[in-house]
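# Coordinate analysis (summary)
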Amino acid sequence: MKSPSILVLATGGTIAGAADSATRHDYRPGQIGIEEFLERVEELGIEARLTGKQIANIGSEDITPAIWHDLHTCASAALADPECSGVVITHGTDTVEETAFLLDLTLPTTKPVVLVGAMRPITAVGYDGLRNFANAVRVVSDPEAAGRGVLVVMGDRVFAARDVRKSRTRGTDAFSGFPRDAVGLVTPSALDWFGAPWRVAGEARSPFRTDLPDVPVLFVHAAMTPDYVDRLVTRETRGVVVCGVGEGNMPEPVRKRLVELARKGLRVVRSTRLAEGLVDREPEDDENGFVAGRALGPAKARILLQMLIANGITDPGEIQTAFDKP
Ligand code: SIN
């Protein structure tokens, strides 16, 4: 049998990071290039044809729409090639859930696309990058990976882009998922899926756009006053994601200010600052002109709202429908 042909797009992060010592806590992400990384991978004897391309070499806190554009362009071209089995993207773990979700929304494919990172740099004792990478290749090589959207592989677990979030600052088991936890378990030699594929049609959910509008996140806390809203919302702002307390709640004066702005066309999505849980529609959302973020946390809610507005979808009802989709 022909071994799978996989494009590896590198963006940096800890998986390509290095420090001056094996035990120091501080290190620099994005220190080695894709060629050197793939030389190290070669020693693992993985049975796949890997072609590397460097898209960026940064810490993922510095990811930009321009980098998303390059990832989208390269991944789309590769996936359209019948010879290509799928794409692996190496990425910093801090914002990997955002890039994964954005690509999940916008890539028209059923072929596997897997984002992978590491929690420890190459020079550290117990570097997890090569194992995570071998696992990612294992996932992309599996015919059963088709139709599962964009995936994130970390710590021997496979997560769907819509569910995944980084939930711990340290440790190799730093990721979890909501509402689904892992959708599969993986090692370099074994892979088990929990359930059937869910994205069997190959259409993108949204056209890709780089001209994303200004959509800040409003972090709600005790004793918050409406002037926090006024400091955040500028003339260019098209939407706000409320990172609310509990089930997307906010102090009454803040709500009133946002209702005034929603009536002038600002799109307001209520999400939660809690790590997990649904934010459902409340009867007042109709009157307020608000949207309930459902299972999406604020970072992903922001990306979805930006994509919708950029594509001309500004009706709160239509926005709600997009948030309701699993
Ligand atoms: C980053 O996100 O680039 C740094 C942290 C990491 O990759 O774990």
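Residues numbered from 1 in each chain as written. Predicted model: local features only at pLDDT ≥ 70, side-chain atom pairs only at ≥ 80, totals over all residues. Heavy atoms only, no water.

## Thoughts on the sheet that holds strand β13 (residues 267-272)
Ordered by their spatial adjacency, four strands build an open sheet running β11-β12-β13-β14, and the pairing between neighbours is parallel. If you trace the sheet from one side to the other, it starts and ends with β11 (217-219) and β14 (290-292), each paired once. Across the sheet, the mean angle from the axis of one strand to that of its neighbour is 25°, orientation sign disregarded. Both β11 and strand β12 (residues 239-244) contribute to a ladder of three bridges, which runs parallel. (Pairing = 2+ DSSP bridges. Helix = DSSP H or I, 4+ residues; strand = E, 2+ residues; numbered from the N terminus. Axes fitted to C-alpha atoms, helices over the stretch in contact; angles between N-to-C directions.)

## Digging into the pairing of strand β1 (residues 5-12)
Among the eight residues that make up β1, eight are buried, leaving the element largely enclosed by the rest of the structure. By the bridge criterion, seven bridges tie β1 to strand β2 (residues 49-58) in an arrangement that is parallel. The residue bridging Leu7 from the neighbouring strand is Thr51, located in β2. In this region the chain leaves β1, passes through helix α1 (residues 34-42) and returns to the parallel neighbour β2; the handedness of that crossover is right-handed. Pairing between β1 and strand β3 (residues 86-90): five bridges, direction parallel. Looking at β3, one finds that Leu9 is bridged to Ile89. (Buried < 20%, exposed > 50% of the residue type's maximum accessible area, 1.4 Å probe, protein only. Right-handed = clockwise from strand over helix to strand, strands pointing away.)

## As for the domain arrangement of the protein
Along its sequence, the protein is organised into domain 1 (5-193) and domain 2 (217-324). Relative to domain 2, the C-alpha centre of domain 1 lies at a distance of 30 Å. Of the roughly 1300 Å² buried where domain 1 meets domain 2, counting both sides, 65% is carbon and sulfur surface. The largest contributions to the domain 1 side of the interface with domain 2 come from Arg162, Arg165 and Phe178, which together make up 45% of the buried area. The interface formed by domain 1 and domain 2 includes zero salt bridges. (Domains from an automatic or database assignment. Buried area = accessible area lost by both parts, 1.4 Å probe. Salt bridge = Lys/Arg side-chain N within 4 Å of Asp/Glu carboxyl O.)

## As for the site of the ligand
Lining the immediate surroundings of the ligand are Gly13, Thr14, Tyr27, Gly59, Ser60, Gly92, Thr93, Asp94 and Ala118. In the model, an oxygen atom of the ligand is placed 2.4 Å from a nitrogen or oxygen of the Thr93 side chain. Ala118 places a main-chain nitrogen or oxygen 3.2 Å from an oxygen atom of the ligand. A per-class count over the shell around the ligand returns two nonpolar, six polar and one charged. (Near = heavy atom within 4 Å. Polar contact = N/O pair within 3.5 Å; in protein donor to acceptor, adjacent residues only side chain to side chain. Nonpolar A, V, L, I, M, F, W, Y, C, P; charged D, E, K, R; others polar.)

## A closer look at the environment of Gly184
If you trace the backbone, Gly184 turns up in strand β9 (residues 184-187). For the pair Gly184 and Val242, spaced 58 residues apart in sequence, the C-alpha separation works out to 32 Å. Once residues within four sequence positions are removed from consideration, Gly184 is found in contact with Asp156, Arg157, Val158, Asp192, Trp193 and Phe194. (Contact = heavy atoms within 4.5 Å.)

## Let's talk about the pattern of salt bridges
Applying the stated criterion to the full structure yields 19 salt bridges. Note that Arg28 and Asp20 form a salt bridge whose closest N and O atoms lie 3.4 Å from each other. Between Arg209 and Asp211 there is a salt bridge; the shortest N-O distance is 2.7 Å. Relative accessible area serves as the criterion here: at 47%, Asp211 is assigned to the partly exposed category.

## Remarks on the sheet that holds β2
Taken together, eight strands build an open sheet; the order of strands is β2-β1-β3-β4-β5-β6-β9-β10 and the sheet is mixed. At either margin of the open sheet sits one strand with a lone partner, and together these are β2 and β10 (190-193). Between one strand and the next, the sheet's axes are offset by a mean angle of 25°, whatever the strand orientation. Against the sheet, helix α2 (residues 65-80) makes contact with β1, β2, β3 and β4 (113-116), and its axis sits at roughly 170° relative to β2, the strand it touches most.

## Re the state of the cysteines
In the structure shown here, the tally under the stated rule is zero disulfides. Between Cys84, a cysteine without a disulfide, and Cys74, which holds the nearest cysteine sulfur, the sulfur-to-sulfur distance is 12 Å. Owing to a relative accessible area of 8%, Cys84 belongs among the buried residues under this scheme. (Disulfide = S-S within 2.5 Å.)

## Notes on helix α6 (residues 252-263)
The first and last C-alpha atoms of α6 sit 17 Å apart over 12 residues, in line with the 16 Å expected at 1.5 Å per residue. Those residues of α6 not exposed but buried are Val254, Arg257, Leu258, Val259, Leu261 and Ala262. On its buried face, α6 is in contact with β11, α5 (227-232), β12, β13, α7 (283-288) and β14. Positive phi appears at Gly265, one or two residues downstream of α6, with a value of about 115°. (Expected span 1.5 Å × (residues − 1).)

## Observations regarding the nonpolar core
Judged by nonpolar contacts, the single largest core of 52 residues is most densely connected at Leu9, Val87 and Phe323. Considering each element in turn, this core owes the most residues, eight residues, to helix α8 (residues 298-310). Residue contributions to this core reach at least three from each of two domains, namely domain 1 (5-193) and domain 2 (217-324). Beyond its immediate chain neighbours, meaning those up to four positions away, Val87 contacts Ile6, Leu7, Leu9, Ala75, Ala78, Leu79, Pro112, Val113, Val114 and Val140. Formed by 31 residues, the second largest nonpolar core is a distinct cluster that contains Ile122, Phe133, Leu151 and Trp193. (Core = buried A, V, L, I, M, F, W, Y, C linked by side-chain atoms within 4.5 Å.)

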